Amino acid sequence: MVKLIGPKKIRIAVFISGTGSNLKNIIKFSLKKISPIEVNLIISNNIKAKGLRFAKFYNIKKKVYNYNQKKISEKRILKDLKSNDIKLICLAGFMKILSKDFIRKFKGQILNIHPSLLPKYKGLNTHDRVIQNKEKYSGCTVHLVNSKLDSGKIILQKKVKLSKKETPLSLQKKILKHEHILYPRAISKILANL
Ligand code: GRF
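Residues numbered from 1 in each chain as written. Predicted model: local features only at pLDDT ≥ 70, side-chain atom pairs only at ≥ 80, totals over all residues. Heavy atoms only, no water.

Engineer: Just to check I follow, could you spell out the site of the ligand for this structure?
Structural biologist: As a matter of local geometry, the ligand sits amid Thr19, Gly20, Ser21, Asn22, Gly93, Ile113, His114, Pro115, Leu176 and Glu179. Within the backbone of Gly20, a nitrogen or oxygen atom sits 2.8 Å from an oxygen atom of the ligand. Contact between the ligand and Ser21: an oxygen atom at 2.6 Å from a side-chain N or O atom of the residue. Protein coverage of the free-state accessible area of the ligand, which is 370 Å², stands at 82%. At the level of elements, helix 1 (21-30), strand 5 (110-114) and helix 6 (168-192) are the ones that each hand at least two residues to the shell around the ligand. Its residues placed into classes, the shell around the ligand shows three nonpolar, six polar and one charged. (Near = heavy atom within 4 Å. Polar contact = N/O pair within 3.5 Å; in protein donor to acceptor, adjacent residues only side chain to side chain. Areas by Shrake-Rupley, 256 points an atom, 1.4 Å probe, with all protein chains shown as cover. Helix = DSSP H or I, 4+ residues; strand = E, 2+ residues; numbered from the N terminus. Nonpolar A, V, L, I, M, F, W, Y, C, P; charged D, E, K, R; others polar.)

Engineer: Honestly, the pairing of strand 4 (residues 88-91) in this entry has me stumped. Any pointers?
Structural biologist: Successive residues of a regular strand alternate their side chains across the two faces of the sheet. The alternating pattern of strand 4 places Leu88 and Cys90 and Ile89 and Leu91 on opposite faces, both of which are buried. Alignment of strand 1 (residues 10-16) against strand 4, held across four bridges, turns out to be parallel. Within strand 4, the residue paired with Val14 across the bridge is Cys90. (Buried < 20%, exposed > 50% of the residue type's maximum accessible area, 1.4 Å probe, protein only. Pairing = 2+ DSSP bridges.)

Engineer: Just to check I follow, could you spell out the packing of helix 1 against helix 6 for this structure?
Structural biologist: The axes of two packed helices give the description: the angle between them and the distance between them. Packing of helix 1 against helix 6 leaves a shortest axis separation of 10 Å and a crossing angle of 45 degrees. Accordingly, the angle class assigned to the pair helix 1 and helix 6 is oblique. Here helix 1 runs over helix 6; the crossing is right-handed. From helix 1, Ser21, Asn22, Asn25, Ile26 and Phe29 reach across to helix 6, where they touch Leu176, Glu179, His180, Tyr183, Pro184, Ile187 and Ser188. Looking at side-chain class alone, the contact of helix 1 with helix 6 contains six nonpolar, five polar and one charged residues. (Axes fitted to C-alpha atoms, helices over the stretch in contact; angles between N-to-C directions. Parallel < 35°, antiparallel > 145°, perpendicular 65-115°, else oblique. Left-handed = near helix turned anticlockwise from the far one by under 90°. Contact = heavy atoms within 4.5 Å.)

Engineer: Help me understand the packing of aromatic side chains in this model?
Structural biologist: In this description, an aromatic ring pair is defined by two values, namely the gap between the centres and the angle between the planes. Within this structure, the stated rule accounts for five aromatic pairs. Note on Phe15 and Phe102: the rings are 6.4 Å apart at their centroids and 65 degrees apart in plane angle, and the pair reads as edge-to-face. You can see Phe15 sitting in strand 1 and its partner Phe102 sitting in helix 4 (residues 100-105), a full 87 residues away along the chain. Residue class for Phe15 comes out buried when judged on its relative accessible area of 0%. Looking at Lys159, its charged tip hangs above the ring of Tyr137, at a distance of 4.4 Å from the centre. (Phe/Tyr/Trp six-rings, centres within 6.5 Å; stacked < 30°, edge-to-face > 60°. Lys NZ or Arg CZ within 6 Å of the ring centre and 35° of its normal.)

Rendered as structure tokens:
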């Protein structure tokens, strides 16, 4: 019997700073047969990031860099990415801004997820600002990372309607659920075009 071997999966790294629910979801997606990716590396700037526990649980290599000296940390991260043959980086709640130099080296190969309908509400505290401005809709966006904050090419977006009693917390929870659907889709979309 001839055993059919599927196409090789793309090796990706996920960068996190906190809970890592998007990380967990990307890992789960990667384990599906139809998935084009495998998660080979988890990078964090925060040793206390809850999401780091998924490295142990799913047996994935993890590296933590304190980012006190950005240049040195990024140099080491680039080395890790190279030695692990990483072809795509997914930022998932990574709270550090990558240098222009770093981004240039991975041009077109870094994705980020942001909890708003970009270009609206770039930066932090998006949900508070959305509620204060009495917006009817918000959402989430997966975009390519360029040297300007939350400004790279949009890959996919999901619009979400606010309820009348929406609070920043309820909105965050609502949008996060959609992020978990959107990110794997965006990864598949970008890889289809690489
Ligand atoms: C998400 O809301 C994401 O859009 C933002 O940071 C949050 C990370 O959540 N960039 P988690 O750590 O993936 O749970």
